[in-house]
Amino acid sequence: MNNNKTTPEVLAGAAGSWEPPKTIWNGMFLSIFFTNMALSMGQQMSNTLLSVYANSFGAPADQIGQLMSMFAVTALIFRFISGPAMNAYNRKKLVAMAMGFMATAYLGFSNAQLIADFVGVKPIAVLMAFRLLQGVGNAFGSACCLTIVSDTLPKDKFTTGMGYYACAQVVAQAIGPTVGIFLRDLMGYSRTYIVIFFVMCFAIFTSTRVKLAPRERIPFNLKLGNIIAKEALIPAGVTFLVATGFTAINAFLMVYTEERGIPGGSLFFTVYAVTMLVTRPLVGRLTERFGFVKVAIPCVFMTALSLVMIGYSANMFWLLVSAFVNAFGYGAVQPMLQSLCMKAVGPERRGSASGTNYIGMDSATILGPMICGEVADAFGYEPIIWVVMTVPIFVGMAAIFVLRKRITAIEKKFQD
């Protein structure tokens, strides 16, 4: 054990009252579940609107592209700080701080024109500044929520609980964009972002209801071993590979379907989200019964299969079938990989494990669309772009098989 660790952290007012959870749906889990749902809802509502909001100010396409990508870049940079911070400091306070950053960003989006006129810059510059702040908030918020929820679940239902936890994001993904567009049409961009600001205020409130488990703190430092949890590199590496292929859907599905005259592009995401409400808890239970490897390999294969199906879909029916298949693929395996990351380390280092997981995801979010874009530039919007994007997914599947003994050892050690 690290000799630099301090005595276990006990949350004020919780000393002597904290007990390991016996069921998934306990008060601690519910608090962080709704915090994560509010965080995701704000992001989904905002991300749907931000590019068209910037366009309404007359921003050129290249600046709109920069605006949308800045979020992932700044989030990735601050992942290298968030992991050590979560190991060292009160995680509940970090969540509240992150939500505060994001609430401030949404308030800034709402008043972009007013701030631009006052400072003497274009509104797109204001949006970019607050987009950076939003990325910082996300770097801490999502990772910290994942770290906290891992302490709220019983060991024998850990992966199932992580599947239920991930459903908060699914609900937000299913209704957030629609709600955002509805409010925009009803009251305009500025007032819609005020509503999103209050959604984040709700997230701050729910985060204050979280009770933290006692744990040992690791003094804050930016050493590589404290930023990256080497024990979690296997699941984080697989996450990077599989997510690299999956990101082609978010980046190019709508363009691809429109270019090829296939209706139902937007319905793809609805079918995908609704199906995940079933697949994530179901696959979690299967994982606890049969083990990660036996369940994850078919899920990763279905992720690749769904991309090929998208490429060769000629009508809406097959496009929506591919969404259904993908929900049993990436939609199911993502929380499994997050769960394995958290299982790989002790409670005091789950901040590093969570950060490692999200570094893999953020890197995929940046790299995947770039690869897909290059292939599309070379071959046009043809099925080959989806076939090419299955390559990293199959590499991820091969990695699971080759490293199956080490993955099984992580699961066994966690249960001991």
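Rules and cut-offs
Residues numbered from 1 in each chain as written. Predicted model: local features only at pLDDT ≥ 70, side-chain atom pairs only at ≥ 80, totals over all residues. Heavy atoms only, no water. Core = buried A, V, L, I, M, F, W, Y, C linked by side-chain atoms within 4.5 Å. Buried < 20%, exposed > 50% of the residue type's maximum accessible area, 1.4 Å probe, protein only. Contact = heavy atoms within 4.5 Å. 1 Å grid on protein atoms, 1.4 Å probe; cavity = no way out; pocket = protein on both sides within 12 Å on 5 of 7 lines; lining within 4 Å. Points joined across faces, edges and corners; volume = space filled by probe spheres on them. Helix = DSSP H or I, 4+ residues; strand = E, 2+ residues; numbered from the N terminus. Nonpolar A, V, L, I, M, F, W, Y, C, P; charged D, E, K, R; others polar. Polar contact = N/O pair within 3.5 Å; in protein donor to acceptor, adjacent residues only side chain to side chain. Expected span 1.5 Å × (residues − 1). Arc of directions from axis to C-beta. Phe/Tyr/Trp six-rings, centres within 6.5 Å; stacked < 30°, edge-to-face > 60°. Lys NZ or Arg CZ within 6 Å of the ring centre and 35° of its normal. Bend = angle between axes of the 7 residues up to and from the residue. Salt bridge = Lys/Arg side-chain N within 4 Å of Asp/Glu carboxyl O.

## Structural notes on the nonpolar core
Core analysis: the biggest nonpolar cluster contains 120 residues, and Leu127, Phe292, Ile310 and Trp386 have the highest contact counts within it. Phe292 has contacts with Thr287, Met336, Leu337, Leu340, Ile400, Ile407 and Glu411, leaving out every residue within four places of it along the chain.

## Notes on the layout of surface pockets
Considering only enclosed or pocket space, the largest pocket measures out at about 2000 Å³ in volume. Forming the walls of the largest pocket are 49 residues, and the residues nearest its centre are Gln44, Asn47, Gln173, Asn250 and Thr365. Elements with a contribution of two residues or more to the lining of the largest pocket: helix H1 (27-56), helix H2 (61-88), helix H5 (123-149), helix H6 (158-207), helix H8 (233-259), helix H9 (265-290), helix H12 (330-343) and helix H13 (350-379). Looking at the lining of the largest pocket residue by residue, the classes come out as 24 nonpolar, 20 polar and five charged. Here the second largest pocket defines a volume of roughly 580 Å³. If one sorts the elements of the lining of the second largest pocket by residue count, helix H16 (residues 404-415) sits on top with five residues. Tallied by class, residues from the lining of the second largest pocket come to 15 nonpolar, two polar and eleven charged.

## Remarks on the side chain of Asn326
Summarising the element assignment, Asn326 is placed in helix H11 (residues 316-327). A polar contact of 2.6 Å, which involves the side chain of Asn326, links it to the side chain of Ser306.

## With respect to helix H15 (residues 391-402)
The end-to-end C-alpha distance of H15 is 16 Å, a good match for the 16 Å that twelve residues give at a rise of 1.5 Å each. Pro392, Ile393, Gly396, Met397, Ala399 and Ile400 are the residues of H15 that are buried. Looking straight down H15, one finds its buried side chains confined to an arc of 155°; they lie on one side. Contacts made by the buried residues of H15 are with H8, helix H10 (292-312), helix H14 (384-388) and H16.

## Here's the deal with the packing of aromatic side chains
Per the counting criterion, the structure on display carries 22 aromatic pairs. Seen in terms of ring centroids, Phe197 and Phe198 are 5.2 Å apart; in terms of plane orientation they differ by 70°. Their pairing is edge-to-face. Classification of Phe197 by relative accessible area gives buried; the value is 18%. Connected via pairs of aromatic rings, a cluster forms that spans Tyr53, Phe57, Tyr106, Phe109, Tyr189 and Tyr193. The side chain of Lys155 reaches across the aromatic face of Phe414, ending 5.4 Å from its centre.

## Details of H9
Look at H9: 35 Å from first C-alpha to last across 26 residues, which is about the 38 Å you get at 1.5 Å a residue. The largest bend in H9 amounts to roughly 40° and is located at Met276. Buried positions along H9 lie against H6, H8, H10, H11, H12 and H16. Positive backbone phi, at 95°, marks Gly291, one or two positions downstream of H9.

## Side note on the pattern of salt bridges
Following the criterion strictly, the structure yields six salt bridges and no others. Residue Arg350 is joined to Asp151 by a salt bridge in which the shortest nitrogen-to-oxygen separation is 2.6 Å. Placement of the pair is Arg350 in helix H13 and Asp151 in the loop between H5 and H6, with a sequence separation of 199 residues. In this structure Arg350 comes out as buried when scored by relative accessible area, which is 7%. Judged by relative accessible area, which is 15%, Asp151 ranks as buried. Close ionic contact of Asp185 with Arg184 constitutes a salt bridge, the shortest N to O distance being 2.7 Å. Given a relative accessible area of 56%, Asp185 falls into the exposed group. A residue is classified by how much of its surface remains accessible, and Arg184, at 22% relative accessible area, is partly exposed.

On their own, these measurements won't tell you what the molecule is for.
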